[in-house]
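Architecture and fold: a report
Here is what each chain is made of, one letter per residue.
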Number of protein chains: 4
Amino acid sequence: MAGSTFGRALRVTTAGESHGPGNIVIVDGCPPGIVIDAEAIQMELDRRRPGQSALVTQRKEPDHCEILSGVYDGRSTGTPIAILVRNKDAKSKDYSAIANKYRPGHADHSYDAKFGIRDPRGGGRASARETVSRVAAGAIAKKIIAEAFGGEVLGYVVQVGDIHAEVPEAVTREQVESRPDGSFNPVRCPDPEASLKMEKLIKKVRKEKDSIGGVAEIVGRGVPAGLGEPVFDKLKADLAKAIMSIPAVVGFEYGAGFAAASTRGSAHNDEFHIRDGRVITRTNRHGGILGGISTGMPLLLRAAVKPTSSLPKEQKTVTSDLEPTTIATKGRHDPCLLPRFVPMAEAMVALVIADHWLRQKHNT
Amino acid sequence: MAGSTFGRALRVTTAGESHGPGNIVIVDGCPPGIVIDAEAIQMELDRRRPGQSALVTQRKEPDHCEILSGVYDGRSTGTPIAILVRNKDAKSKDYSAIANKYRPGHADHSYDAKFGIRDPRGGGRASARETVSRVAAGAIAKKIIAEAFGGEVLGYVVQVGDIHAEVPEAVTREQVESRPDGSFNPVRCPDPEASLKMEKLIKKVRKEKDSIGGVAEIVGRGVPAGLGEPVFDKLKADLAKAIMSIPAVVGFEYGAGFAAASTRGSAHNDEFHIRDGRVITRTNRHGGILGGISTGMPLLLRAAVKPTSSLPKEQKTVTSDLEPTTIATKGRHDPCLLPRFVPMAEAMVALVIADHWLRQKHNT
Amino acid sequence: MAGSTFGRALRVTTAGESHGPGNIVIVDGCPPGIVIDAEAIQMELDRRRPGQSALVTQRKEPDHCEILSGVYDGRSTGTPIAILVRNKDAKSKDYSAIANKYRPGHADHSYDAKFGIRDPRGGGRASARETVSRVAAGAIAKKIIAEAFGGEVLGYVVQVGDIHAEVPEAVTREQVESRPDGSFNPVRCPDPEASLKMEKLIKKVRKEKDSIGGVAEIVGRGVPAGLGEPVFDKLKADLAKAIMSIPAVVGFEYGAGFAAASTRGSAHNDEFHIRDGRVITRTNRHGGILGGISTGMPLLLRAAVKPTSSLPKEQKTVTSDLEPTTIATKGRHDPCLLPRFVPMAEAMVALVIADHWLRQKHNT
Amino acid sequence: MAGSTFGRALRVTTAGESHGPGNIVIVDGCPPGIVIDAEAIQMELDRRRPGQSALVTQRKEPDHCEILSGVYDGRSTGTPIAILVRNKDAKSKDYSAIANKYRPGHADHSYDAKFGIRDPRGGGRASARETVSRVAAGAIAKKIIAEAFGGEVLGYVVQVGDIHAEVPEAVTREQVESRPDGSFNPVRCPDPEASLKMEKLIKKVRKEKDSIGGVAEIVGRGVPAGLGEPVFDKLKADLAKAIMSIPAVVGFEYGAGFAAASTRGSAHNDEFHIRDGRVITRTNRHGGILGGISTGMPLLLRAAVKPTSSLPKEQKTVTSDLEPTTIATKGRHDPCLLPRFVPMAEAMVALVIADHWLRQKHNT
């Protein structure tokens with residue numbers, strides 16, 4: 001029942017399938033007067049776009065966005081902003097042979113169990129194609145938090161397979177998106193050495209008709225203290241829902257995360273102290289959130305992403321008629337989801353921050 | 001702004017502070033005709049109760065529940081069920097000395113930043129005391145899913161500090177709550193050997209005026225395929241929000257979780273096959289959820305819980321007047337949150353399953 | 001499914017039946033720092049209370065309110081405020097004889113159709129007793145709008161049967177609640193002449209074992225321009241829902257209302273002009289709302305209330321076993337609902353204004 | 001803040017302005033398997049369309065709808081259905097001269113007060129153009145209730161100015177949409193005599209550069225007993241909100257409505273009796289709703305619509321710079337809103353019925 005809306009004060013509603021006419025998002029609750037330009041939205045869509053590098057799916061989608069409402073003279077009017085991205089390269093024939101096969105790791109079977117009917121073309125609504133709407137909405141959220149308090153959301157890859165990156169706290173978007181030589185970094189990992197290894201691993205995995213998982217980290221900077229609500233709508237809870245709602249994410253942690261499980265309180269607690277008349281903590285094991293509410297320290301969270309389920313390698317499965325069969329996905333898929341996951345995750349984090357910032361205005 | 005409600009079709013709203021008159025929960029949307037007895041609710045509250053063993057806080061709360069509405073002749077009427085649990089052992093003087101000190105790891109500072117005013121007694125709304133309302137509501141959710149489809153939610157501790165447990169898939173509630181000799185197991189870990197080590201560690205940590213973190217696993221059995229919504233309200237997303245909204249939780253994963261990051265797709269995908277005319281998977285690395293929708297396999301998730309922030313050991317911090325100070329919490333606190341965390345987590349998982357089951361009736 | 005919550009930014013959730021242990025309301029989203037005293041809430045409850053005059057039901061309920069949470073040191077903390085009003089004079093035996101008879105004009109039959117199970121004591125959840133929770137919540141809303149912008153909500157009776165009152169625009173609460181001689185006016189109609197006639201009519205109707213309908217008017221003063229949302233959540237739409245959700249209300253209009261149907265645009269439009277540097281209208285046929293958004297002029301609305309359905313007079317009906325029968329309600333009922341309706345309607349209007357004021361902070 | 005969504009189980013979100021690229025609606029929660037054809041949607045849009053007769057605005061809009069998602073092979077898939085209607089005849093120059101003039105009876109001033117920024121072209125989001133989205137969504141709701149329980153929603157005009165129609169209970173859509181001679185009835189009043197008088201009055205009013213109000217009645221047939229929720233989400237409350245959210249509506253009543261105010265209980269109550277083993281009432285003064293819940297009798301409600309605010313006649317007003325001015329709207333407007341209001345009101349009523357039917361499945 002009706003689950004395609006996200007957020008409370010900033011409310012995002014999406015619609016669209018992988019191979020239908022297009023994907024649409026309505027962003028309701030954007031404050032009036034924010035500069036909204038299609039170029040900024042397009043730039044984020046381009047970071048998510050298929051075909052952006054040799055490491056990702058070669059599906060060719062221009063992902064051109066059209067703003068349909070809510071903007072007048074380049075500024076938001078306070079009324080809902082609708083953005084349409086039409087689908088272009090919808091090779092439905094790629095999927096026709098497998099329409100009644102339940103692809104391992106995919107939603108085919110659970111959708112049938114839920115709805116009894118299913119758009120089999122490219123995963124339909126279950127396709128990660130729907131994230132085009134999230135990224136478009138996230139571009140608006142980024143504008144809101146930048147104008148409101150200079151906030152910034154930055155994501156990057158910290159793990160692919162067994163390769164782990166070292167990322168300094170002060171990492172910049174340039175370091176994420178570019179290699180040291182200034183060329184585009186298709187991995188979106190700002191540790192040059194690890195990045196090269198990841199690139200090689202992804203290529204190797206693709207050649208072996210396989211896929212590989214990884215971890216991305218997202219940081220929210222400049223977020224004021226006081227965002228989040230005490231009990232259910234804690235900032236950490238809404239961030240977790242936001243991130244876990246993205247396809248293929250199987251784990252979420254913030255601050256010290258799972259490592260805190262083997263830590264003592266005396267070693268885990270961050271001391272408060274004063275700097276420039278402001279309460280801060282020297283360390284940030286708490287990831288910028290205490291009691292579910294932002295502390296003014298940077299938000300720091302990580303998402304575990306499973307290996308792509310679509311594989312060119314043959315796998316055993318069953319059909320919707322309950323017959324055993326095998327399947328080898330012929331569609332064009334990412335051997336590793338992480339590089340394109342980064343803008344999706346940034347978008348969701350920006351939406352949560354903007355939503356909670358608007359909710360907090362209520363108290364001030 | 002208004003964040004004390006959880007769920008869509010089954011809607012839980014809570015109120016209450018640690019040292020106020022009591023905690024209250026309204027469960028709206030319970031279907032009519034469900035047997036609701038105060039005893040079943042009380043039994044769950046007793047599992048969460050302080051003072052239940054030597055391992056937990058010695059605060060003495062009877063946690064007696066009173067059903068105020070929505071039940072007639074022992075059955076739910078379909079109207080909202082309100083449950084009141086009065087606070088008894090509210091030793092506010094324990095807290096008076098630290099009212100203006102920002103306790104490390106606690107919400108004191110972020111609440112001040114948010115609200116500009118704060119009930120300092122025992123953490124107020126930020127205290128884990130609010131989970132009494134969740135557990136009461138969860139007892140109703142457990143009834144709903146048991147009556148509807150024989151569903152069961154079972155939690156247990158799998159890690160304390162560096163001690164990891166081995167838990168068989170078929171673990172029972174008896175194995176969780178009792179030691180092999182039939183006595184009450186205060187740790188709620190069903191691996192007898194690990195459990196003993198955990199118990200020793202928790203006692204050692206307490207003696208050292210410290211605290212320790214851990215991990216709990218929760219399994220949802222008998223959950224039919226088809227629960228969850230495609231995009232934002234995925235079952236995994238709502239479970240993540242539910243679990244992450246509990247105090248002290250810093251990480252969430254389901255199925256293979258973070259381990260999936262270093263895995264290949266060919267090794268991660270669970271093959272579908274047929275058993276007794278039903279589509280199942282041989283393995284359950286997907287944790288019972290694909291495309292955000294339940295598959296009919298057991299739900300399997302884990303939560304990382306940080307070490308208790310309140311410490312009898314002295315820590316450095318600041319006051320709300322921005323003066324440096326030190327603090328040693330004199331209140332009675334759990335050296336390890338995990339044993340009492342188990343019923344809280346079960347409650348939240350049961351609420352999500354019941355909510356999504358009611359939402360799914362919409363499609364059938 | 002879950003329909004006991006009202007409001008977006010200020011969110012009111014209620015529970016309770018006529019003859020259960022009590023009625024409870026949770027007000028979530030009250031800004032921090034508002035002075036909340038039990039006395040102000042009690043004063044509003046007393047205006048709604050049964051037995052307050054010879055004109056209303058003689059059921060004896062002290063309607064004592066207890067604040068359970070969300071208030072510290074006399075001020076709201078920003079966390080949910082729960083208020084409990086226990087039921088006292090619950091003479092369930094009054095109803096036992098009619099438990100399986102469908103009372104004409106009542107919800108007995110539709111509840112059975114909906115839930116298949118029903119608390120027959122005093123109407124259960126369908127009893128106007130639930131409005132005790134609305135009035136308690138409304139008292140908080142009145143405080144919020146008074147502190148925020150000096151807003152005031154005032155209701156009064158303008159029609160009982162065929163008797164119509166003339167009420168000047170500047171009417172005061174004193175003129176509503178008192179007769180010219182200073183004594184309590186049990187009718188709550190500020191037109192002394194009409195009020196006397198109404199009083200006589202209500203007494204006559206009661207003697208004849210009958211009941212009578214009427215109309216109340218509610219005015220919202222000091223409401224700033226800009227409250228309400230463009231499309232679905234128009235101020236007029238949320239006011240209509242608020243008022244129509246009160247038991248026995250069968251009509252709603254604002255400004256000129258139904259009279260506008262026979263009016264021409266040139267006679268209906270209110271000219272804008274400037275007074276003291278502010279845009280106002282000379283007349284207020286628009287009732288303070290244009291395009292669904294407040295204009296800064298007083299809100300002006302009316303509610304039509306049907307005659308009490310419970311009658312001591314014998315009426316024909318059927319039982320839940322589909323047998324013909326007759327019924328004469330022996331319970332103690334109001335011969336005219338209007339005098340006690342006034343505080344209920346004020347409460348709902350105050351809740352809508354406070355909610356939309358908090359929503360509007362979002363834009364500023 | 002975010003007010004462009006309506007409904008709980010069937011959730012409608014709209015976006016779009018009068019003179020922007022188009023209007024969009026996302027219908028989330030439509031059950032899977034419903035036959036959705038663009039033709040049925042288009043037929044409803046045509047009933048709402050400008051230029052359909054000499055009585056309405058001559059703005060020329062094809063109002064062609066495009067289904068963007070949620071439908072596969074002619075059936076709903078259970079995922080959100082997005083429908084786009086592009087704007088064509090947007091003569092923005094018509095409005096440029098009045099961009100800074102506050103049109104009497106319009107939202108220009110209140111939008112400025114709310115947002116501080118405004119799309120002045122044709123009323124922007126405040127234009128009745130947004131109802132194109134409601135009518136498209138309503139066409140889907142009509143399909144749902146027709147398939148689910150043979151439900152039908154029918155509206156017609158019962159009053160224009162002082163002309164009142166007599167409409168038999170068994171009125172058909174053909175009698176509404178056609179004159180006795182079979183030709184199209186542009187008034188949508190099924191009383192032939194009154195209809196002719198209304199037509200003449202509307203033409204007269206237009207010639208006099210004025211406008212006129214009226215009343216429409218909407219009936220919901222075949223609605224099962226048990227829809228609606230006990231307290232806030234009563235069926236009558238949600239219907240009131242739905243209808244009052246439509247531009248220009250200033251009053252709502254159901255059943256006897258305002259006439260009940262001058263009626264006695266003994267004359268107002270509808271007796272229950274049994275017909276064909278079903279509980280019904282002989283009369284329907286209760287308009288199909290008791291205790292806020294449907295009784296199985298036809299839903300019967302009326303809406304008062306004010307005279308069009310846009311007038312070719314000169315009116316006094318002020319500018320946004322607080323200067324006195326005059327205005328005579330040159331745009332093409334309806335002299336009477338009622339004929340085109342009928343499909344809008346039907347759509348909103350159908351949405352409420354479908355929503356509450358889906359909510360009720362929860363209990364069964």
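Residues numbered from 1 in each chain as written. Chains lettered and ligands numbered in written order. Predicted model: local features only at pLDDT ≥ 70, side-chain atom pairs only at ≥ 80, totals over all residues. Heavy atoms only, no water.

Quick notes on the relation of the copies chain D and chain C
In screw terms, the move from chain D to chain C is a rotation of 180 degrees and a rise of 0.0 Å along the axis, fitting with an RMSD of 0.0 Å. With respect to symmetry, the two chain copies, as superposed, fit the operation of a two-fold axis. A shared interface surface links the copies, since 100% of the contact residues of chain D are contact residues in chain C too. (Least-squares fit on C-alpha atoms with pLDDT ≥ 70 in both. Contact = heavy atoms within 4.5 Å.)

Some points on the sheet that holds strand E3 (residues 22-28) of chain C
All names here are of chain C. Taken together, the 5 strands give an open sheet; going across it, the order is E1-E2-E3-E7-E4, and neighbouring strands pair in antiparallel fashion. Edge positions in the sheet fall to strand E1 (5-6) and strand E4 (65-67), since each has one partner strand and no second. Bridge analysis of E4 against strand E7 (residues 81-86) gives 3 bridges, and the strand direction is antiparallel. Residue pairing in the sheet places Glu 66 in a bridge with Leu 84 of E7. (Pairing = 2+ DSSP bridges. Helix = DSSP H or I, 4+ residues; strand = E, 2+ residues; numbered from the N terminus.)

Looking at the interface of chain C and chain B
Between chain C and chain B, the contact holds 43 residues from the first and 43 residues from the second. In total, about 3,300 Å² of surface goes out of reach between chain C and chain B, with carbon and sulfur atoms giving 65% of it. The three residues of chain C that bury the most area against chain B are Leu68(C), Tyr72(C) and Ile117(C), which together make up 17% of that side's buried surface. Where chain C touches chain B, the interface holds 2 salt bridges. As a salt-bridge pair, Arg86(C) and Glu66(B) come within 2.8 Å of each other at their nearest N and O atoms. (Buried area = accessible area lost by both parts, 1.4 Å probe. Salt bridge = Lys/Arg side-chain N within 4 Å of Asp/Glu carboxyl O.)

Things to note about the sheet that holds strand E16 (residues 299-305) of chain A
In a beta sheet, neighbouring strands pair by backbone hydrogen bonds and run either parallel or antiparallel. The strand order across the open sheet built from 10 strands is E9(A)-E8(A)-E10(A)-E16(A)-E11(A)-E11(B)-E16(B)-E10(B)-E8(B)-E9(B), with neighbouring strands paired in antiparallel fashion. Where the open sheet ends on each side, the last strands, each with one partner, are strand E9 (163-164) of chain A together with strand E9 (163-164) of chain B. Bridge count for strand E8 (residues 152-160) of chain A against E9(A) is 2 bridges, and the pairing is antiparallel. In the sheet register, Val160(A) faces E9(A), and the bridge partner there is Ile163(A). Along the sheet face, helix H6 (residues 192-207) of chain A touches E8 and E9 of chain A and points at about 60 degrees away from the line of E8(A). The strands that helix H9 (residues 338-361) of chain A touches are E8, strand E10 (214-221), strand E11 (249-254) and E16 of chain A; relative to E8(A), the one it contacts most, it runs at about 145 degrees. (Axes fitted to C-alpha atoms, helices over the stretch in contact; angles between N-to-C directions.)

Brief notes about the interface of chain D and chain C
Each partner contributes residues to the interface: chain D has 108 residues there, and chain C has 108 residues. Buried area between chain D and chain C, both sides added, is near 8,400 Å², and the carbon and sulfur share of it is 61%. Its largest share of buried area at the contact with chain C, chain D owes to Met1(D), Lys114(D) and Phe232(D), together 11% of the area lost on that side. Remark: the boundary between chain D and chain C carries 12 salt bridges. One salt bridge in this structure joins Glu229(D) and Lys114(C), with 3.5 Å as the shortest N-O distance. In terms of residue class, the side of chain D that touches chain C is made up of 47 nonpolar, 36 polar and 25 charged. (Nonpolar A, V, L, I, M, F, W, Y, C, P; charged D, E, K, R; others polar.)

Some details on the nonpolar core
Formed by 373 residues in total, the largest nonpolar core has its most connected members in Ile243(A), Ile41(B), Ile243(B), Ile243(C) and Ile243(D). Ignoring anything within four residues of it in the chain, the contact list for Ile41(B) reads Ile36(B), Cys65(B), Ile67(B), Ile83(B), Ala136(B), Ala139(B) and Ile140(B). (Core = buried A, V, L, I, M, F, W, Y, C linked by side-chain atoms within 4.5 Å. Buried < 20%, exposed > 50% of the residue type's maximum accessible area, 1.4 Å probe, protein only.)

Brief notes about the pattern of salt bridges
Oppositely charged side chains can form a pair if their charged atoms are brought close together. All names here are of chain A. In total, this model carries 143 salt bridges over all chains according to the counting rule given. Linking Glu 346 and Arg 47 is a salt bridge whose minimum nitrogen-to-oxygen distance equals 2.8 Å. Here Glu 346, found in helix H9, pairs with Arg 47, found in helix H1 (residues 38-48); they are 299 residues apart in sequence, far enough to count as distant. Neither Glu 346 nor Arg 47 differs from the other in exposure class; each is buried. Members of the salt-bridge network, linked through shared partners, are Glu 44, Arg 47, Lys 142, Arg 173, Glu 177, Arg 188 and Glu 346.

Describing the pairing of strand E7 (residues 81-86) of chain A
All names here are of chain A. Among the 6 residues that make up E7, 5 are buried, leaving the element largely enclosed by the rest of the structure. Pairing of strand E3 (residues 22-28) with E7 involves 6 bridges; the strand directions are antiparallel. By the bridge assignment, Val 25 is partnered in E7 with Ile 83.

Here's the deal with the packing of aromatic side chains
Tallying each qualifying case throughout the model produces 18 aromatic pairs over all chains. Seen from the ring of Phe115(B), Lys114(B) lies directly overhead, with NZ or CZ sitting 5.7 Å from the centre. (Phe/Tyr/Trp six-rings, centres within 6.5 Å; stacked < 30°, edge-to-face > 60°. Lys NZ or Arg CZ within 6 Å of the ring centre and 35° of its normal.)

Side note on the state of the cysteines
Residues and elements named next belong to chain B. With the rule as written, the count across this model stands at 0 disulfides over all chains. Lacking any disulfide linkage, Cys 336 is separated from the closest cysteine sulfur, that of Cys 189, by 11 Å. Classification of Cys 336 by relative accessible area gives buried; the value is 1%. (Disulfide = S-S within 2.5 Å.)

Considerations on the side chain of Ser69(A)
Along the polypeptide, Ser69(A) turns up in the loop between strand E4 (65-67) and strand E5 (71-72). Looking at Ser69(A), the relative accessible area reads 4%, which means it is buried. Contacts of Ser69(A), omitting those with residues within four sequence positions, involve Pro80(A), Ile81(A), Ala82(A), Ala15(D), Gly16(D) and Glu17(D).

Some remarks on the confidence of the model for chain A
Low pLDDT marks regions whose predicted coordinates should not be analysed in detail. Chain-level pLDDT for chain A is 94 on average; 98% of the residues reach the 70-or-more range. For this predicted complex, the interface confidence comes out at an ipTM of 0.97, alongside a pTM of 0.97. (pLDDT = per-residue confidence, 0-100.)

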